[in-house]
Structures are given as C-alpha cells and as structure tokens.
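Chains, contacts and geometry: an overview
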Amino acid sequence: MRPSNRTGLYVLPLYLACLALAASLTPSLIPRDWLVQGVLGGIVMGVGYLIGCGFVCIATCRRARPMSPVSS
C-alpha cells in the first residue's frame, strides 16, 4: 500500500470514501432536503476515509515490526 507519487495520498482510503459516499446517496424512505443529503454524504465520506486510513496504519505497523517467535 504505497501512496500515490503525485499527491501522497493512499488509494485504499479514497476507494472506501467513495464507496461510503455512493452508499449514502442510495435512495431511502426518509425524505431529505438536498442540503441535509450533502452534509450527510460528506460526513459519511469522511468516516469512510478515516476507516481506510486506519487500515493503512495497521498494515504499515504490522509490516514495520516483524513478529518475534515466543520462546517457552
């Protein structure tokens, strides 16, 4: 999981953010004004990006420290 050379952004969080945004824009039975829908879409996209960054952080930390065998 390397960052993009041009922007320094990771691709996985961007994909998860776009997927979360697409899921938030699907039709529901709750009528919402366009402003509320936009705010909710932005919040959900931010949460999706945060979850993706967490996955990247965990993967980077696990790769950085090799696991030592437990001696008994």
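Refer to the structure printed above.
Residues numbered from 1 in each chain as written. Predicted model: local features only at pLDDT ≥ 70, side-chain atom pairs only at ≥ 80, totals over all residues. Heavy atoms only, no water.

Digging into the overall build of the chain
If you tally the helices and strands in the chain, you get two helices and zero strands. The buried share among the 72 residues of the chain stands at 12%. The contacts in the chain between residues at least 6 apart in sequence include a share of 67% that link residues at least 24 apart. (Helix = DSSP H or I, 4+ residues; strand = E, 2+ residues; numbered from the N terminus. Buried < 20%, exposed > 50% of the residue type's maximum accessible area, 1.4 Å probe, protein only. Contact = heavy atoms within 4.5 Å.)

A word on the environment of valine 47
Residue placement: valine 47 occurs in helix α2 (residues 34-64). Between the alpha carbons of valine 47 and alanine 20 there is a distance of 8.2 Å; along the sequence they are 27 residues apart.

Digging into the state of the cysteines
With the rule as written, the count across this model stands at zero disulfides. Cysteine 57 supplies the cysteine sulfur nearest to cysteine 61, a cysteine that is in no disulfide, at a spacing of 4.1 Å. (Disulfide = S-S within 2.5 Å.)

Describing a nonpolar patch on the surface
A cluster of nonpolar side chains, Leu12, Trp34, Leu35, Val36, Val39, Leu40, Ile43, Val47, Ile51 and Phe55, forms an exposed patch at the surface whose accessible area comes to about 960 Å². Overall, isoleucine 51 belongs to the partly exposed group, its relative accessible area being 46%. (Patch = residues over 30% accessible without salt bridge, like charges linked within 9 Å, V, L, I, M, F, W, Y side chains within 5 Å. Areas by Shrake-Rupley, 256 points an atom, 1.4 Å probe, with all protein chains shown as cover. Salt bridge = Lys/Arg side-chain N within 4 Å of Asp/Glu carboxyl O.)

Some points on the side chain of serine 24
For serine 24, the location among the structural elements is in helix α1 (residues 11-24). Here serine 24 falls in the buried class, since its relative accessible area comes to 15%. Excluding its chain neighbours within four sequence positions, the residues that come into contact with serine 24 are Arg32, Gln37, Gly41 and Val44.

Remarks on α1
If you check α1, its first and last C-alpha atoms are 20 Å apart, about what 14 residues at 1.5 Å a residue would give, namely 20 Å. Buried within α1 we find Pro13, Ala17, Ala20 and Ser24. Buried residues of α1, viewed axially, fall in a sector of 65°; they line one side. Across from the buried face of α1, at angles greater than 90 degrees, the exposed residues are Tyr15 and Leu19. (Expected span 1.5 Å × (residues − 1). Arc of directions from axis to C-beta.)

Regarding the side chain of glutamine 37
Summarising the element assignment, glutamine 37 is placed in helix α2. One polar contact links the side chain of glutamine 37 to the main-chain carbonyl oxygen of serine 24, over a distance of 2.9 Å. Residues within four places of glutamine 37 in sequence aside, it is in contact with Ser24, Leu25 and Arg32. (Polar contact = N/O pair within 3.5 Å; in protein donor to acceptor, adjacent residues only side chain to side chain.)

Quick look at the environment of isoleucine 51
By the element assignment, isoleucine 51 lies in helix α2. Each C-alpha atom of the pair isoleucine 51 and leucine 16 lies 7.8 Å from the other, and the pair is 35 residues apart in sequence.

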